[in-house]
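Fold and contact review
This is what each chain is made of:
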Amino acid sequence: MKEKIISYFEIDKLNTTVKREFLAGFTTFISMAYILFVNPTVLGASGMDEGAVFTATALASALGCILMGIFAKYPIATAPALGINAFFAYSVCVGMGVPWETALAGVFVASLIFILITIFKLRELIIDAIPADLKYAISGGIGLFIAFLGLSEGGIIVSNESTLVALGPLNVGTTWLTIFGLAITAIMMVRRVPGGIFIGMTATTILGLVTGLIEVPTKIISGAPSLKPTFLVALKHVGDINSLQLWVVVLTFLLVTFFDTAGTLVGLANQAGFMKDNKMPRVGKALAADSTAMLAGSLLGTSPVGAYVESSAGIAVGGRSGLTAVTTGLFFIVGLFFSPLLSVVTSQVTAPALIVVGVLMAQSLSQIKWKEMEIAIPSFLILLGMPLTYSISDGIALGFIFYPITMIAAKRGKEVSPIMYGLFFVFVGFMWILNAG
């Protein structure tokens, strides 16, 4: 059995081991396990049953990871995406007054369109058409975004009314727990200790439990909540999507998930060294895996599923094959029954890993032609736009809108592909519609 696994996932060819892939998968799971608790809380604001959303989140994440690992053979995990779940709950359901059942039907319709454009290779064509410099900027931008996420969740950076952001309070124990984890992880990485990120997370968890900064769980095992309140509800309410407003909602689900996932896939592929001649091998299969998971997620009862930037933590540990993603998927299934134990994986535990992985992903920025302003300006907007708008897709939009403008100004308009010109109009139109609504 082990030999078949090694052969199928090309473990030897990728210069990795089954043990390393398993550790990478576990590291990725630990880095993103928070979604099992965050997603039900966010979607619960729309009126959805939080227990059902917990189970739907675990199952949709597991399915996406396993499909990504087996068919696309990438160490990239999927789960319901942050940001778009907040749009689902607060903008669509609370803000527009759309019932959650109808909003879920909107996710279902968007996922069907996703699958169609994946079958016709439109998504693949778009990803291949993105210039290499902008792909490096996307990778680096995601690095800054997840590092900012880590600094924020760990309490090192906090919001501030006067300056937007500021240094967090240093008289709070949990902030020092993050700093301790960052120091340990940094030392492990500098010393090139295998599994340094995972060791840092483990050490932070132990210190948190010993000092009482992380609460010791009262039990380890619990049953999985019923799916009944949300299961197949989307299918029953497709007919409710009968207005321009609701079709704008569907379009938003489609575009945000499209570019979040595309940007994440490109960034992670760059980090892992998979890109060849500015193209991502087997990208069609990767896109098919995530769109299938999004479809299944809508039927189970959760917001759009997409590739997760936290996969970078597993890649940094050494994960290179689909076995990493499969392992992550299996842990999501196990997580259904060990939810009390997952409570020890607090934001202070994952924050140092995200910060260090951000450093690793930022290395791609050295490949950008910074001396050519027509390249530097859109690249910089992508790079800075992601963390400052708190959105991968918004950062991409800023850069993609300015890319044709700067290239035309540099008299290099003929080098811009028709697809990139098309995306200029898509993003301008989309931003106008979204803000007008």
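Residues numbered from 1 in each chain as written. Predicted model: local features only at pLDDT ≥ 70, side-chain atom pairs only at ≥ 80, totals over all residues. Heavy atoms only, no water.

For clarity, the threshold we go by: UniProt positions are given in the numbering used here, feature names are shortened, and annotations may be inferred rather than shown by experiment.
The name given to the protein chain in an unreviewed UniProt entry is NCS2 family permease, with Enterococcus plantarum as the source organism. Listed in UniProt under the heading Sequence similarities (unreviewed entry), the comment for the protein chain reads: "Belongs to the nucleobase:cation symporter-2 (NCS2) (TC 2.A.40) family. Azg-like subfamily." Taken from UniProt, the Subcellular location (unreviewed entry) comment for the protein chain reads in full: "Cell membrane".

With respect to the packing of helix H3 (residues 35–44) against helix H4 (residues 50–72)
To be explicit about the condition: Where helices are involved, their axes are fitted lines through C-alpha atoms of the stretch in contact, as for all axes, and angles between N-to-C directions lie from 0 to 180°. Under the scheme used here, helices are H or I runs from DSSP no shorter than 4 residues and strands are E runs no shorter than 2 residues, and both carry numbers assigned from the N terminus. In these notes the angle categories are as follows: under 35 degrees is roughly parallel, over 145 is roughly antiparallel, 65 to 115 is roughly perpendicular, and the rest is oblique. The handedness criterion is simple: a crossing whose near helix is rotated anticlockwise from the far helix by less than a right angle is left-handed, and one whose near helix is rotated clockwise is right-handed. Contacts are assigned to residue pairs that have any heavy atoms within 4.5 Å of one another. Gly is placed with the polar residues, together with every amino acid not listed as nonpolar (Ala, Val, Leu, Ile, Met, Phe, Trp, Tyr, Cys and Pro) or charged (Asp, Glu, Lys and Arg).
In contact at an axis separation of 8 Å, H3 and H4 are set at 135° when each is read in the N-to-C sense. Taken as axis vectors, H3 and H4 run oblique relative to one another. With respect to the hand of their crossing, H3 and H4 are arranged in right-handed fashion. Residues Ile35, Leu36, Phe37, Asn39, Pro40, Thr41, Leu43 and Gly44 of H3 touch H4, and the partners they reach there are Glu50, Val53, Phe54, Thr57 and Ala58. A breakdown of the residues in the contact of H3 with H4 according to their chemical character gives eight nonpolar, four polar and one charged.

Remarks on helix H13 (residues 283–300)
Stated formally: Here a helix's expected span is defined as the number of its residues, less one, multiplied by 1.5 Å. Think of it in three bands: residues with accessible area under 20% of the maximum for their type are buried, residues over 50% are exposed, and the middle band is partly exposed, with areas taken using a 1.4 Å probe on protein chains only.
Given a rise of 1.5 Å per residue, 18 residues ought to cover 26 Å, and the 26 Å separating the end C-alpha atoms of H13 matches this to within 8%. In terms of burial, H13 is a largely internal element, 14 of the 18 residues being buried. At the C-terminal side of H13, Gly301 shows a positive phi close to 120°.

Examining the environment of Leu268
Of note, Leu268 is situated in helix H12 (residues 244–272). C-alpha separation for the pair Leu268 and Ala307, spaced 39 residues apart in sequence, amounts to 9.6 Å. Those residues within four positions of Leu268 in sequence are excluded, and the remaining contacts are Ile76, Tyr308, Val309, Ser311, Ser312, Ile315 and Met361.

Some details on a nonpolar patch on the surface
In plain terms, the rule: Nonpolar side chains (Val, Leu, Ile, Met, Phe, Trp, Tyr) are joined into patches within 5 Å and like charges within 9 Å, using only residues with over 30% relative accessible area and no salt bridge. Computed by Shrake-Rupley with a 1.4 Å probe, the accessible areas treat only the displayed protein chains as cover when residues are assessed. One side-chain nitrogen of Lys or Arg within 4 Å of one carboxyl oxygen of Asp or Glu is enough to make a salt bridge.
Together, Ile220, Ile221, Leu330, Ile333, Phe337 and Leu341 make up an exposed nonpolar region whose accessible area comes to about 530 Å². The residue Leu330 is located in helix H15 (residues 322–335) in this model.

Some remarks on the pattern of salt bridges
Applying the stated criterion across every chain yields a total of four salt bridges. Ionic pairing is found between Glu372 and Arg412, a salt bridge with its closest N-O pair at 3.0 Å. Taken as a pair, Glu372 in the loop between helix H17 (347–362) and helix H18 (373–389) and Arg412 in the loop between helix H19 (392–409) and helix H20 (418–436) lie far apart in primary sequence, 40 residues in all. Look at Glu372 and you get partly exposed, because its relative accessible area is 28%. For Glu374, the salt bridge identified is with Arg412, shortest N-O distance 2.7 Å.

Remarks on the nonpolar core
Put simply, the test is: We define a nonpolar core as any set of buried Ala, Val, Leu, Ile, Met, Phe, Trp, Tyr and Cys residues linked to one another through side-chain atoms lying within 4.5 Å.
In this structure, Phe88, Phe253, Phe259 and Phe400 are the most contacted members of the largest nonpolar core, which totals 117 residues. Among the elements that line this core, the one with the most residues is H12, at 15 residues. Apart from the residues within four sequence positions on either side, Phe259 is in contact with Ile126, Ile392, Ser393, Ile396, Phe400, Leu423 and Phe427. Formed by five residues, the second largest nonpolar core is a distinct cluster that contains Ile6, Ile11, Leu323 and Val326.

Brief notes about the packing of helix H5 (residues 84–95) against H12
Remark: H5 packs on H12, axes separated minimally by 11 Å, with the N-to-C direction vectors making an angle of 160°. Classified by the angle between their axes, H5 and H12 sit roughly antiparallel to one another. For the crossing formed where H5 meets H12, the hand is right-handed. Side by side, H5 and H12 meet where Ile84, Phe87, Phe88 and Val92 of the first sit next to Val249, Thr252, Phe253, Val256 and Thr257 of the second. Residue composition of the contact of H5 with H12, grouped by class: seven nonpolar, two polar and no charged.

Overview of the packing of aromatic side chains
Heads up, the rule is: In this scheme Phe, Tyr and Trp rings, the latter by its six-membered ring, pair at centre separations within 6.5 Å, and the angle between planes marks the pair as stacked below 30 degrees, edge-to-face above 60, and tilted otherwise. Comment: the charge-over-ring label is applied if NZ (Lys) or CZ (Arg) is within 6 Å of the ring centre and within 35 degrees of the ring normal.
According to the stated counting rule, one finds nine aromatic pairs in the structure shown. Here the aromatic rings of Tyr8 and Phe9 are separated by 5.1 Å at their centres, their planes lie at 90°, and the arrangement is edge-to-face. A relative accessible area of 38% means that Tyr8 is categorised as partly exposed. A ring pair is formed by Phe22 and Phe331, whose centres lie 5.7 Å apart and whose planes are at 55°; its orientation type is tilted. Placement of Phe22 in helix H2 (residues 18–32) and of Phe331 in helix H15 is noted, with a sequence separation of 309 residues between them. Aromatic ring contacts, followed pair by pair, group Phe22, Phe26, Phe29, Phe331 and Phe332 into a single cluster. Directly above the ring of Tyr8 sits Lys73, whose terminal nitrogen or CZ lies 4.2 Å from the centroid. It is Arg282 that lies over the ring of Tyr74; its NZ or CZ is 4.3 Å from the centre.

Considerations on the side chain of Ser303
Along the chain, Ser303 falls in the loop between H13 and strand S4 (305–307). Residues contacting Ser303, with those up to four places away along its chain left out, are Asn39, Leu43, Pro80, Asn85, Phe88 and Val107.

Thoughts on helix H6 (residues 100–119)
If you check H6, its first and last C-alpha atoms are 29 Å apart, about what 20 residues at 1.5 Å a residue would give, namely 28 Å. With respect to burial, H6 is a largely interior element, 14 of its 20 residues being buried. At the exit of H6 stands Lys121, carrying a positive phi of roughly 60°.

Some details on the environment of Leu300
Secondary-structure assignment places Leu300 in helix H13. Overall, the relative accessible area of 13% leaves Leu300 in the buried class. As for Leu300 and Lys228, which are separated by 72 residues in sequence, their C-alpha atoms are 9.0 Å apart. Those residues within four positions of Leu300 in sequence are excluded, and the remaining contacts are Ala56, Leu59, Ala60, Leu227, Thr230 and Phe231.

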